[in-house]
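# Architecture at a glance
One letter stands for each residue in the lines below.
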Amino acid sequence: DYTKAINLKGNVPIYYFDRGFFYLQRSEYDLAEADFKAALSLDFEDAKLALFNLGIAQYQLGKKTEACESWKRSGEDALEYLNKYCN
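Presented here is an overview of the structure given in this document. Note that this is a predicted model, so its numbers are computed, not measured. (Residues numbered from 1 in each chain as written. Predicted model: local features only at pLDDT ≥ 70, side-chain atom pairs only at ≥ 80, totals over all residues. Heavy atoms only, no water.)

### Focus: helix H2 (residues 13-25)
The first and last C-alpha atoms of H2 sit 19 Å apart over 13 residues, in line with the 18 Å expected at 1.5 Å per residue. Buried within H2 are the following residues: Pro-13, Tyr-16, Phe-17, Arg-19, Gly-20, Tyr-23 and Leu-24. In the core, the buried residues of H2 are packed alongside helix H1 (2-8), helix H3 (29-41) and helix H4 (47-60). Phi for Ser-27, located one or two positions after H2, is positive at around 60°. (Helix = DSSP H or I, 4+ residues; strand = E, 2+ residues; numbered from the N terminus. Expected span 1.5 Å × (residues − 1). Buried < 20%, exposed > 50% of the residue type's maximum accessible area, 1.4 Å probe, protein only. Contact = heavy atoms within 4.5 Å.)

### A closer look at the nonpolar core
The biggest cluster of nonpolar side chains holds 23 residues, and the ones touching the most others in it are Phe-17, Leu-24, Ala-32, Phe-36 and Trp-71. Listing elements by their share of this core, those giving two or more residues are H2, H3, H4 and helix H5 (64-74). Considering every element that reaches this core, the biggest residue donor is H4, with 6 residues. Among all residues touching Ala-32, those that are not within four sequence positions of it are Gly-20, Tyr-23, Leu-24 and Ala-57. (Core = buried A, V, L, I, M, F, W, Y, C linked by side-chain atoms within 4.5 Å.)

### Points about the pattern of salt bridges
One pass over the structure, following the stated rule, counts 4 salt bridges. One salt bridge in this structure joins Glu-28 and Arg-26, with 2.7 Å as the shortest N-O distance. A residue is classified by how much of its surface remains accessible, and Glu-28, at 22% relative accessible area, is partly exposed. Notably, a salt bridge pairs Glu-33 with Lys-63, separated by 3.0 Å at the nearest N-O pair. Here Lys-63 lies in the loop between H4 and H5 and Glu-33 lies in helix H3, a separation of 30 residues in the sequence. (Salt bridge = Lys/Arg side-chain N within 4 Å of Asp/Glu carboxyl O.)

Laid out in structure tokens, this is it:
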């Protein structure tokens, strides 16, 4: 359904965020990463949450440097991940 919504009106960042979260839950990390980046490029209102989830997808894809950067940009909520995976 998210893909249908994106095809109808692709410039709505929440559609990309929600679909990215769905992909993240299904361990489809490459698709999740792309959707979180799309949401951010469209000025998603909760950028910190999108960055946090982007970091998870990137880490699972073996992109540790990028994941740590995303988590740093996401703020204090990611401190546990930064301490556990980025030190």
